[in-house]
Each structure stands twice: as structure tokens, then as C-alpha cells.
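# Close look at the chain arrangement
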Amino acid sequence: MSEGPLKPTALDRLRRRLRPGRGWVIAVPLVWLTLFFLAPFAIVLKISLSEAAIAVPPYQPILDFTAETLNVALNLGNYLFLASDSLYVAAYWGSVKIAFLSTVFCLLIGYPMAYAMARAPARWQLVLLLLVMLPSWTSFLIRVYAWMGILSNTGLINNTLMWLGLIDSPIRMMNTNFAVMLGIVYAYLPFMILPLYANLTRLDNSLLEAAADLGSRTFNTFLKVTLPLSKGGIIAGSMLVFIPAVGEYVIPELLGGPNTVMIGKVLWEEFFLNRDWPVASALAMVMLLLLLIPIALFHRYQSRELQE
Amino acid sequence: MRRSSFTPPSFTTLMLILGLLFLYLPMVVLVVYSFNSSRLVTVWAGFSGRWYLELLRDRQILAAVWTSLRIAFFAASMAVCLGTLAAFVMTRFGRFRGKTALSSMVTAPLVMPEVITGLSLLLLFVQMAQIIGWPADRGMATIWIAHTTFCSAYVAVVVSSRLREVDRSIEEAAMDLGAPPVKTFFQITLPVISPALAAGWLLAFTLSLDDLVIASFVSGPGATTLPMVVFSSVRMGVSPKINALATLIILAVSLATFLAWYFMRRSESRRLAALRQQEAP
């Protein structure tokens, strides 16, 4: 009798382990994602260590079995090449800088928006959430394209300013780093707001009331209570903007200019224009290494969300 | 005495209004200029619907729309199957070997830069073609695999958040009464999470339709998706035909969102009415 509560759980566990099909259910998503998400990185690593060649596919095999000897040729040249050419270093640095600044702007704009949404009357919240998310469901490409017509020298802003007589010659906004950052903030803002909003709606109102009862001023309460409690949302939102923005290709290609060197664009050009697959692979590996800590940070927060 | 009920909006409310204007004004500009009769997108020359007609006559765009829609349909459907399985396994199976790996592989695609995903998948397909002879040609099938993979991560996030909200006691009751797990899943769990499945499917569908970078890497000469056509046109500069296309996309998404909102609100008010009826007597 004393072992009453223990027995079923042990039995439960046994039954669960023996439950037929459990392994198969786990295996399906696990195998698919391993094959098509994880395994490819090993291949990128492998090809980043091979030498470019004029062949199909355009690289030399690392493993070579001739005359009964297995030759392994690991070529670190691609990585040395990246380190020696200042273009690549500048591209990594430029990407991180632009992505970081854009993330800060997204946070500065997105946080108050998410806060207002979480505070809005309940019947408004769903509408506001849909309004914020709707642009991200349309088309990324077209939303970036919209800015081309607005920012260009003959675009809406310059035309309006000239018509008003405020300026005589157009201000150059297209093909600048400013345009790239504006594009990133515009395109990624919903992804900043979504986790922040999810976090802020769960905020316990009684904590804020308690702070107010104890005489805390609104801004002080915000700094000492709301902000620390929304840390998870801030991290998730910032990573959702920062990580993809570092590797962004479309925005610097369409809105950037000759001064915009971003690593996603460099990788694309190495791959599609120079057809140098090994260097493109090395660029991808270094980018992945650079983003490992941000990705781990995001994963830590997100897996807490997924499983509790 | 009438007191003025106007209070100045707080800073956050003001930011919300300005933020929404920031999100929507560029789209409004796109829509307005799609009706411009001039080829120069930026100069207004009068109202005209000619770009819509030209869009409908553009065979390349129409073919790309059809390709994209087919890929998105199949990728979203497969992603819902895989993503739901992954979500179910992570929320209901407790601990198992490979759980950390699975949860990392579900969250990482959400943030992984597209150039990395695209390049790595292409190299995988090239390697597979060398070893097992498939895929000999890259095209719709390879895009479908690539889209299924990253979309299933999004589906898993949407579905697992719903699975955590669902009252598990019903599932447990069914199992206690002797229903096998598979039957419990199909008869109890699946109907309860079906709104999340629909939301996940729609999200995956739009993500697949929208993807340019990954598709450009893994596609072959055989398959050109809509974003590829739009991108090659947009690279040359602004074109009113693209504005017309943008307007149609915005219209379709707004309509779908409005319908989703309408049905959500209706089911919510029904639920409230049912609750009130229970409490009434």
C-alpha cells in the first residue's frame, strides 16, 4: 500500500518505453531534419576544404583513391585567403555593424509598439497583432522594392521635397547604407514585435500595481520591473532580426550601393558569378561560426518556449 | 457639465500609430502607383489599369506563379505533417534520446541566414547526385525539399505552442479508457489543434511563396519561381507591372487575414455564448 503512488508511474514509464511506434514517430522528423538541415553543414565544411577547379561540380575531391593509396587533401587555402583579403574582413565587419544598428532601431521602434499592443483593450489586441504581422505575410521582395520607388533620386520623397521647394537637388538616399538599414528595419520589424508582444502580454499586472502602490513612478517601474521581466522577449526578438540580417542578400543588393559590403552579398557573388564554390563554402562556415553564439542564445530562449 | 473625454495618447500608443503608418505607407504607395498610367513609376500621369492587363498577358510571370503555387502547396502540406510530428514529439514524449538535437534543428532554421541554408542544401543535392544519382536535375523537387525543411520548423513552433495550451486530461482520459495512442492522436488531439494546423499551413504556404534566396540556390534551369522572376525584373529598376503584382498579393493576403480574423472572432463569441448559457441556469 505504501508503494501505491510509485507503482503506476514506474509501470507508466515502462509502458511508455515499450509503446510500439514511439521510436518511429520520433524518427520521422529527426531523420528528415538531420538529412536536410544538419548533414548539409558537414558537406559545406568538406567543400570549404577543397580546391576550386574547372569541372562539374567546380571543386576537386578531397578524398582520392589512386594506386591503392588513399590521399586526403585538406586545403586550408580558402580560409587563409579569406583572412588575407581585406574585402572579406570588411564584409563581415560591415554586415555585423549594419545588422547590429538595424536591430537596435527595430528594438527602439518595436518595444513601445509591442508594449502599447499588450496594454490595449482585449478586443483590440488580435486586430493589432494581425495588422503588425500582415505585411510580413505579403512578400519580402516587394516590401523592399517599395522603398526603391520612395528613396530614389526621382522617388516620392525627393519629388515631394523638390515640389515644396525645400531642396533644389535630390538628396541621395538610394544605394546607401542608410537605405539598407531602413530596409532591414522595415522588413524585420514584425519579427521583433511578435516575441516582445507575446512576452509582454504574459506580464503580471499585479506586479506593476504593487510597484505603483509602493510609490514607484511609471518610468522607474518600467526600468526596474517591466524591462527585466521582458528580457526573454528582447533576446528572442533581437536574435530574430540580427542573425538573418547579418546574412541578408536581397536588401543590400536592391537598396545598397558600392559602399555596402555585406557578407551575404559577397557569398552570393562568389557562388553565382565567380563560381568559386570552395570560397563560398568557407565564407558560409566562417559566418556560421560568427553566428554560433547568437544562435545558441536564441535556441536557449526558444526551447524554453517550446517545452517549458 | 460635459467634460472633454480627450486625453492625449501615451508615448507607446503614439509609437504604435506611427509604427503602423511606417509599416503601411510604403505599401499604400505601391498600390497607388500600380494605377499610374506612366511607365515612370514616380511621376503621376493619370489613372489607368493597363499594368494589370499587361501583367495578365505576361506568360513568364503567369508560369512562375503557377510553379510557385504548386511548390508552396506541396511544401506547406508536407511541412504540416513533419512540423506537427516534431511538435507532438517535443511536447508529449517527455525525455528521449535526440531531443536536444531535434529541438535545435527546429529552432535554428528560424534564424539561419538564407544564403547559408541555400548553399548547404545545394551542396547536399550535388553530393547526393554524385553518390546515389538523385536528384539528377534540380528543380521543383529540390525546391520542395528545401522549403519543406525550413517551413516545418515554423509549423512546429506554431503547433507546439497550441499543444501546450490544450488540456491534456482529455487525451489522458481517452488513453485510460483504452484508446491506443494513434487513435487518441487522430480523434482527440488532432481536432483540438486543427486551428493551429491551419495557421501553420498558411504560414508555411506564404513562406514558400516568398522565398527567393534558397530557391535560387537549389533550383535548376527547369523551375523558375515567382520571386525569381520578380527579382530579376526589380534589379533592373522599378516597373509598374511589379506594382500591379504587389497590389494583387497585398489584396489576397489582406482578404485571407480578414477572413481568418472573422472566423476567429465568431468562434470566440460562440464560445463565450456557450459559457454564458452554462452559467445561466
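Residues numbered from 1 in each chain as written. Chains lettered and ligands numbered in written order. Predicted model: local features only at pLDDT ≥ 70, side-chain atom pairs only at ≥ 80, totals over all residues.

So, about the packing of helix α2 (residues 22–48) of chain A against helix α5 (residues 114–132) of chain B. One way to put it is that α2 of chain A packs onto α5 of chain B with a least axis distance of 8 Å and a crossing angle of 80 degrees. As far as their axial angle goes, α5 of chain B and α2 of chain A are roughly perpendicular. Counted together, F36, A39, P40, F41, I43, V44 and I47 of chain A of α2 of chain A and L119, S120, L121, L123, L124 and Q127 of chain B of α5 of chain B form the full contact between these two elements. Of the residues belonging to the contact of α2 of chain A with α5 of chain B, the class tally is 11 nonpolar, two polar and no charged. (Axes fitted to C-alpha atoms, helices over the stretch in contact; angles between N-to-C directions. Helix = DSSP H or I, 4+ residues; strand = E, 2+ residues; numbered from the N terminus. Parallel < 35°, antiparallel > 145°, perpendicular 65-115°, else oblique. Contact = placed C-beta atoms within 7 Å. Nonpolar A, V, L, I, M, F, W, Y, C, P; charged D, E, K, R; others polar.)

Moving on, we come to the environment of P294 of chain A. Residues and elements named next belong to chain A. Examined against the element boundaries, P294 turns out to sit in helix α14 (residues 277–307). Looking at P294, the number of C-beta atoms within 10 Å reads 17, which means it is partly exposed. C-alpha of P294 to C-alpha of S238: the two residues are 56 residues apart in sequence and 9.5 Å apart in space. Not counting residues within four places of it along the chain, the set of residues in contact with P294 comprises M239, F242 and I243. (Buried ≥ 20, exposed ≤ 12 C-beta atoms within 10 Å, placed from the backbone.)

Okay, the confidence of the model for chain A next. Note: predicted coordinates in regions of low pLDDT should not be interpreted at a detailed level. When pLDDT is averaged across chain A, the result is 87; 92% of the residues are at 70 or more. Long-range and interchain partners of residues 1–6 of chain A, a stretch whose pLDDT sits below 50, account for zero contacts in this model, where long-range means more than four residues apart. (pLDDT = per-residue confidence, 0-100.)

Time to look at unusual backbone geometry. Cis peptide bonds are those with omega within 30 degrees of zero, and the linkage from W134 of chain B to P135 of chain B qualifies with 0 degrees. Locating P135 of chain B in the fold gives a position in the loop between α5 and α6 (140–165). A positive phi angle, close to 60 degrees, is found at N175 of chain A, a residue other than glycine. Position of N175 of chain A among the secondary structure elements: in the loop between α7 (156–163) and α8 (177–201). Taking the C-beta count within 10 Å as the criterion, N175 of chain A has 20 such neighbours and is therefore assigned buried. A positive phi angle, close to 50 degrees, is found at R275 of chain A, a residue other than glycine. You can see R275 of chain A is positioned in the loop between α13 (263–272) and α14.

Moving on to the interface of chain A and chain B. Taken together, the contact pairs 75 residues of chain A with 66 residues of chain B. Looking at the side of chain A that touches chain B, the element that brings in the most residues is α2 of chain A, giving 16 residues. Its residues assigned to classes, the side of chain A that touches chain B comprises 58 nonpolar, 13 polar and four charged.

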